[in-house]
Amino acid sequence: MAKGYWIARVDVRDPERYKDYVAAAKPAFEKYGANFLARGGKFERLEGGVRTRNVVIEFPSLQAAVDCYNSPEYQIAAAIRQQVADAEMVVVEGV
C-alpha cells in the first residue's frame, strides 16, 4: 500500500500561539501514525514563491493522511493554526 504525505508550506504570524497548534495537533498525529520527514529547517528556493516553514509528514496510507486532517482531534488544532498562520497544504500519495 502506498503511503500518504502531507506537504505544508506555512508562514507563522504568531510563534507563541503556533506552539498551541503543535501541542493540539499531537494527538491526531499519534493516532494516525504520522512520521515527520521535514519540520521547518533550512531550505533554498529553487522556483516560485516560498513560505518560511515547510513540513512533510508521512502517513501509513493516503487514507490515513486524509482521515487525520478530517479528524475531530486535528480540526481543533487546525482552528488554532488558521488564527496564527497562513498555510497551503496538500495530501499526496507516495509511489
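Structural data are supplied above this passage.
A quick note: this is a predicted structure, and the numbers were derived from the prediction, not measured.

Draft legend 1. How the structure looks around the packing of helix α1 (residues 15-31) against helix α3 (residues 72-84). Two elements in contact, α1 and α3, have axes separated by 8 Å at closest approach and are oriented at 155°. Regarding the angle of α1 to α3, the classification is roughly antiparallel. Of the two possible hands of crossing, α1 and α3 adopt the one that is left-handed. Listed contacts from α3 to Arg17, Tyr18, Asp20, Tyr21, Ala24, Ala25, Ala28, Phe29 and Lys31 of α1 are Glu73, Tyr74, Ala77, Ala78, Ile80, Arg81, Gln83 and Val84. By residue class, the composition of the contact of α1 with α3 is eleven nonpolar, one polar and five charged.

Draft legend 2. Structural view of the pattern of salt bridges. If you walk through the whole model with that rule in mind, you get nine salt bridges. In this structure, Glu30 and Lys26 form a salt bridge, with 3.8 Å as the shortest nitrogen-oxygen distance. With Glu30 and Lys26 both in helix α1, this residue pair falls four residues apart, about one helical turn. The exposed category is assigned to Glu30, whose relative accessible area is 56%. Take Lys26: its relative accessible area is 49%, and that puts it in the partly exposed class. The shortest N-O distance in the salt bridge between Lys31 and Glu73 comes to 3.0 Å. Separated by 42 residues along the polypeptide, Lys31 in helix α1 and Glu73 in helix α3 bring together distant segments of the chain. Look at the salt bridges and you will find they share partners, linking Arg9, Asp11, Arg51 and Glu88 into a network.

Reading the values: the criteria
Residues numbered from 1 in each chain as written. Predicted model: local features only at pLDDT ≥ 70, side-chain atom pairs only at ≥ 80, totals over all residues. Heavy atoms only, no water. Axes fitted to C-alpha atoms, helices over the stretch in contact; angles between N-to-C directions. Helix = DSSP H or I, 4+ residues; strand = E, 2+ residues; numbered from the N terminus. Parallel < 35°, antiparallel > 145°, perpendicular 65-115°, else oblique. Left-handed = near helix turned anticlockwise from the far one by under 90°. Contact = heavy atoms within 4.5 Å. Nonpolar A, V, L, I, M, F, W, Y, C, P; charged D, E, K, R; others polar. Salt bridge = Lys/Arg side-chain N within 4 Å of Asp/Glu carboxyl O. Buried < 20%, exposed > 50% of the residue type's maximum accessible area, 1.4 Å probe, protein only.

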